[in-house]
Amino acid sequence: MKVFIISDIEGVSGIVKGEQTGPAPQGDAALFQEGRKLYTEEINAAVRGAKAAGATEIVAMDCHGAGKGYTFNSLIPEDLHPDCEFVVQDQWTEYVDFLEQGVDAALFVGMHARAGTADGVLNHTVSGPNFQNLWFNEDLVGETGINAALCGTWGCPVLLVTGDQAACREGADLLGNGLTTVQVKQGTGVQSARNLVPARAREAIEAGAKQALQDLNAVAPYDPGKPCAIKVEYKWTDPVAKLRHRHGVEIVDDRTIVSRGDDWWTAWKQFFF
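Participant: Describe the pattern of salt bridges, with residues and values.
Facilitator: One pass over the full model with this rule turns up 10 salt bridges. Lys 37 is the partner of Asp 79 in a salt bridge, and the nearest nitrogen-oxygen pair spans 3.4 Å. Placement of Asp 79 in the loop between strand E2 (57-62) and strand E3 (85-87) and of Lys 37 in helix H1 (residues 29-52) is noted, with a sequence separation of 42 residues between them. Notably, a salt bridge pairs Asp 254 with Arg 244, separated by 4.0 Å at the nearest N-O pair. Of this pair, Asp 254 sits in the loop between strand E11 (249-253) and strand E12 (256-261) while Arg 244 sits in the loop between helix H6 (238-241) and E11; the two residues are 10 residues apart in sequence, bridging distant segments of the chain.

Participant: I'd like a rundown of the side chain of Thr 21, residues and numbers included.
Facilitator: Among the secondary structure elements, Thr 21 is positioned in the loop between strand E1 (2-7) and H1. In terms of polar contacts, Thr 21 uses its side chain to reach the backbone carbonyl oxygen of Gly 18, at 2.7 Å. Filtering out sequence-adjacent residues up to four positions away, Thr 21 remains in contact with Ile 9, Glu 10, Ile 15, Phe 32, His 64, Ala 66 and Leu 122.

Participant: Tell me about the pairing of strand E7 (residues 158-164), residues and numbers included.
Facilitator: E7 sits mainly inside the fold: 7 of its 7 residues count as buried. Examined bridge by bridge, strand E4 (residues 105-111) and E7 share 4 bridges and lie parallel to one another. Paired with Phe 108 across the two strands is Val 161, which belongs to E7. Taken together, the 5 bridges between E7 and strand E8 (residues 180-189) define a ladder with parallel strand orientation. Its bridge partner being in E8, Thr 162 is matched across the sheet by Val 182. Following the backbone out of E7, through helix H4 (residues 165-175) and into the adjacent parallel E8, one traces a crossover that is right-handed.

Participant: Tell me about the side chain of Thr 125, and please be specific about residues and values.
Facilitator: Position of Thr 125 relative to the elements: it lies in the loop between E4 and strand E5 (131-136). In terms of polar contacts, Thr 125 uses its side chain to reach the backbone amide nitrogen of Ala 115, at 2.9 Å. If near-sequence neighbours (up to four positions away) are discounted, Thr 125 is found in contact with Arg 114, Ala 115, Phe 131, Leu 134, Val 141, Gly 142 and Glu 143.

Participant: Before we move on, could you go through the nonpolar core and cite the residues and values that matter?
Facilitator: By size, the foremost hydrophobic cluster in this structure holds 81 residues, and its most contacted members are Ile 5, Phe 136, Ile 230, Trp 264 and Phe 271. By residue number, the principal contributor to this core is H1, which donates 8 residues. Residues contacting Ile 5, with those up to four places away along its chain left out, are Ile 43, Ala 46, Val 47, Ile 58, Val 59, Ala 60, Met 61, Leu 107 and Val 109.

Participant: Before we move on, could you go through the sheet that holds E8 and cite the residues and values that matter?
Facilitator: Pairing within the open sheet is mixed, and its 7 strands lie in the order E3-E2-E1-E4-E7-E8-E9. Edge strands, defined here as strands with exactly one partner in the open sheet, are E3 and strand E9 (192-195). Each strand axis lies, on average, 25° off the axis of its neighbour in the sheet, ignoring direction. As judged from the 4 bridges shared by E8 and E9, these two strands associate in the antiparallel manner.

Participant: Lay out the sheet that holds strand E10 (residues 228-234) with the relevant residues and their values.
Facilitator: Pairing within the open sheet is antiparallel, and its 5 strands lie in the order E6-E5-E10-E12-E11. Both outer strands of the open sheet, strand E6 (139-140) and E11, are each paired with one neighbouring strand and no more. Of the strand pairs in this sheet, E5 and E10 are connected by 5 bridges, and their pairing is antiparallel. Within the sheet, the bridge partner assigned to Asn 133 lies in E10 and is Glu 233.

Participant: Can you explain the layout of surface pockets? Please cite residues and give values.
Facilitator: Space inside the largest pocket adds up to approximately 630 Å³. For the largest pocket, the lining is made up of 24 residues, of which His 64, Gly 65, His 124, Val 126 and Gly 128 are closest to its centre. Looking at the lining of the largest pocket, its residues break down into 8 nonpolar, 12 polar and 4 charged. Roughly 190 Å³ of volume is contained in the second largest pocket. Surrounding the second largest pocket, Ser 127, Asn 130, Phe 131, Tyr 234, Pro 239, Lys 242, Leu 243, Arg 246, Phe 271, Phe 272 and Phe 273 form its lining. Here the residues of the lining of the second largest pocket are counted per class, giving 7 nonpolar, 2 polar and 2 charged.

Basis of the calculations
- Residues numbered from 1 in each chain as written.
- Predicted model: local features only at pLDDT ≥ 70, side-chain atom pairs only at ≥ 80, totals over all residues.
- Heavy atoms only, no water.
- Salt bridge = Lys/Arg side-chain N within 4 Å of Asp/Glu carboxyl O.
- Helix = DSSP H or I, 4+ residues; strand = E, 2+ residues; numbered from the N terminus.
- Polar contact = N/O pair within 3.5 Å; in protein donor to acceptor, adjacent residues only side chain to side chain.
- Contact = heavy atoms within 4.5 Å.
- Buried < 20%, exposed > 50% of the residue type's maximum accessible area, 1.4 Å probe, protein only.
- Pairing = 2+ DSSP bridges.
- Right-handed = clockwise from strand over helix to strand, strands pointing away.
- Core = buried A, V, L, I, M, F, W, Y, C linked by side-chain atoms within 4.5 Å.
- Axes fitted to C-alpha atoms, helices over the stretch in contact; angles between N-to-C directions.
- 1 Å grid on protein atoms, 1.4 Å probe; cavity = no way out; pocket = protein on both sides within 12 Å on 5 of 7 lines; lining within 4 Å.
- Points joined across faces, edges and corners; volume = space filled by probe spheres on them.
- Nonpolar A, V, L, I, M, F, W, Y, C, P; charged D, E, K, R; others polar.

So far we have only geometry, and geometry alone does not tell us how the molecule works.
See the structure below:
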């Protein structure tokens, strides 16, 4: 059984402040190192659960854009569980080799809610300063939806989402009740939460990963539909201005574009890369 672990940092237990999610000067050096440790150990918990469920090949991919050399590179390699390999990519959604080989299931660890979710800790979509809303056909989505669509392009189902209650709710709303969710904290605001102690969060994630992989058909691979229209509402005008001459991209208004393609992957590549 081949398992893909896709992770982000904002949904990790104990991470509630922006300073924990990136290096100085935007963040705080000591707090970010603490955040990296918490992050890596939740990934390790998912690896242990996948191994217990019978996984024979596990690849972990960090999808946290921390900046300053840590973008998609925030986990701590030396502390990572030896039964997995890990990916450092240059641009989000560029690494698809493992999916192209055929992956049985994906586990999403440390997910956060989409932008504008009041009870979502550190909620945002893709680039906090730029993205306001994102739709795949009729689905209003966040980063869970993007990662799920990436996996679904190659027929890989998402079986687990961990994070706060808003991220878990968002995942289940999009992917269905067959999804296993593990809530590691209760968000009470953008930078506030009631957290499980990290050791308990890791136990829950390990158990959740093992449980989720018992039924590889519990969740269908996510496909937003064919053809696919991806609509993005930005917070300001500059991103739209830069896409004015991009093939397949329609300018709706000064802050909104639509990218249309025969499938999600085609529509995504037209404007995102």
